[in-house]
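If you want the building blocks of each chain, they are given just below.
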Amino acid sequence: PTVLYTALGATAVYGLSEKVPRLLSDGPSEALAPLALDVFFFGFACVSLAKGMGLIGKIDYAALDGRDVGSLAKEAGAWAAAGEVPTQSPDGFEVATFAGG
């Protein structure tokens, strides 16, 4: 996916490099929709790359709800951080995983 997002971002930058000077010299025209699409795709590619590199979107597993409020989220977060995919909780309950963990 990283190569795909990089290509998407590069294509958007190329499109912007052509459309922005034209917009500045000719003023607003019917070319605003393609310009807006390039801005959207560039932003999407940047956010996706930043998430993939772990720069944004990190989860604070310690802040998740625990068993005291009837949630397995904190334990599941600890398992995820440790790279574990258990089939049972420490007290013997079955653990189901969805979407690969």
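Counting from 1, residues in each chain are numbered in the order their sequence is written. Per-residue local features are limited, in this predicted model, to residues with pLDDT of at least 70; the limit for side-chain atom pairs, both in listing and counting, is 80 or more; totals at the level of whole chains, interfaces and linings are taken over all residues. Neither water nor hydrogens contribute to the side-chain values; these are computed over all heavy atoms in the structure.

Asks: What's the story with the overall build of the protein in this structure? I'm lost.
Replies: When helices and strands are counted, the protein shows 3 helices and 0 strands. Numbering goes from the N terminus for both helices and strands, where a helix is a DSSP run of H or I of at least four residues and a strand is a run of E of at least two. If you list the helices and strands of the protein from N to C, you get α-α-α. For the protein, whose C-alpha radius of gyration is 22 Å, the value lies well above the compact-globule estimate of 13 Å for 101 residues. Along the first, second and third principal axes, the C-alpha set of the protein runs to 70 × 25 × 20 Å. Relative accessibility under 20% of the residue-type maximum defines a buried residue, over 50% an exposed one, and the middle range a partly exposed one, all with a 1.4 Å probe and only protein chains included. Relative to its full complement of 101 residues, the protein shows a buried share of 17%. Contacts were defined at the residue level, with two residues in contact if any of their heavy atoms lie within 4.5 Å. In the protein, of all internal contacts separated by at least 6 residues, the share reaching a separation of at least 24 is 30%. Here, Shrake-Rupley sampling with a 1.4 Å probe gives the accessible areas, and only protein chains in the shown set may cover a residue. Put simply, the protein shows about 7,400 Å² of open surface, and 66% of that area lies on carbon and sulfur atoms. Think of it this way: Lys and Arg go in the positive column, Asp and Glu in the negative one, and His and the chain ends go nowhere. Charged side chains are reduced to one point each, which is NZ for Lys, CZ for Arg, CG for Asp and CD for Glu. Treating the 6 positive side-chain charges of the protein as one cloud and the 11 negative ones as another, the clouds have centres 5 Å apart. Just to be clear, the radius of gyration here is over C-alpha atoms, and the globule rule we use is 2.2 Å times residues to the power 0.38.

Asks: Before we go on, may I ask you to explain the side chain of aspartate 38 in this structure?
Replies: Among the structural elements, aspartate 38 can be located in helix α2 (residues 32-52). Residue classification places aspartate 38 among the buried residues on the basis of a relative accessible area of 11%. Excluding residues within four positions of it along the chain, aspartate 38 makes contact with Ala12, Gly15, Leu16 and Lys19.

Asks: Explanation requested: the packing of aromatic side chains in the structure shown.
Replies: Here the distance between the centres and the angle between the planes together describe a pair of aromatic rings. Only Phe, Tyr and Trp rings are paired, with Trp represented by its six-membered ring, and only when their centres lie within 6.5 Å; those with planes under 30 degrees apart are stacked, over 60 edge-to-face, the remainder tilted. For the structure shown, the criterion picks out 3 aromatic pairs. When the ring of phenylalanine 40 is compared with that of phenylalanine 41, the centres are 5.5 Å apart and the planes differ by 65°; the resulting orientation is edge-to-face. The exposure class of phenylalanine 41 is partly exposed, given its relative accessible area of 33%. On the basis of relative accessible area, phenylalanine 40 is assigned to the exposed category, the value being 52%. One aromatic cluster is present, formed by Tyr5, Phe40, Phe41 and Phe44 through successive ring pairs.

Asks: Help me understand α2 in this model?
Replies: Counting along an α-helix, one turn takes 3.6 residues, and residues three or four places apart therefore face a common direction. Relative to the 30 Å expected for 21 residues at 1.5 Å per residue, α2 spans 30 Å between its end C-alpha atoms, a close match to the ideal helical length. Those residues of α2 that fall on the buried side of the exposure criterion are Leu35, Asp38, Ala45, Ser48, Leu49 and Ala50. On its buried face, α2 is in contact with α1 (2-26). Looking one or two residues beyond α2, the residue adopting positive phi is glycine 54, at roughly 80°. To estimate how far a helix should reach, multiply one less than its number of residues by 1.5 Å.

Asks: Please clarify how the confidence of the model for the protein should be interpreted in this entry.
Replies: For residues with low pLDDT, the predicted coordinates do not support detailed interpretation. Confidence in the prediction of the protein, expressed as mean pLDDT, is 84, and 95% of residues score 70 or more. Scored between 0 and 100, pLDDT is the confidence that the predictor attaches to each residue. Put simply, helix α3 (residues 73-82) is where the protein has its lowest mean pLDDT, 82, and α2 is where it has its highest, 92.

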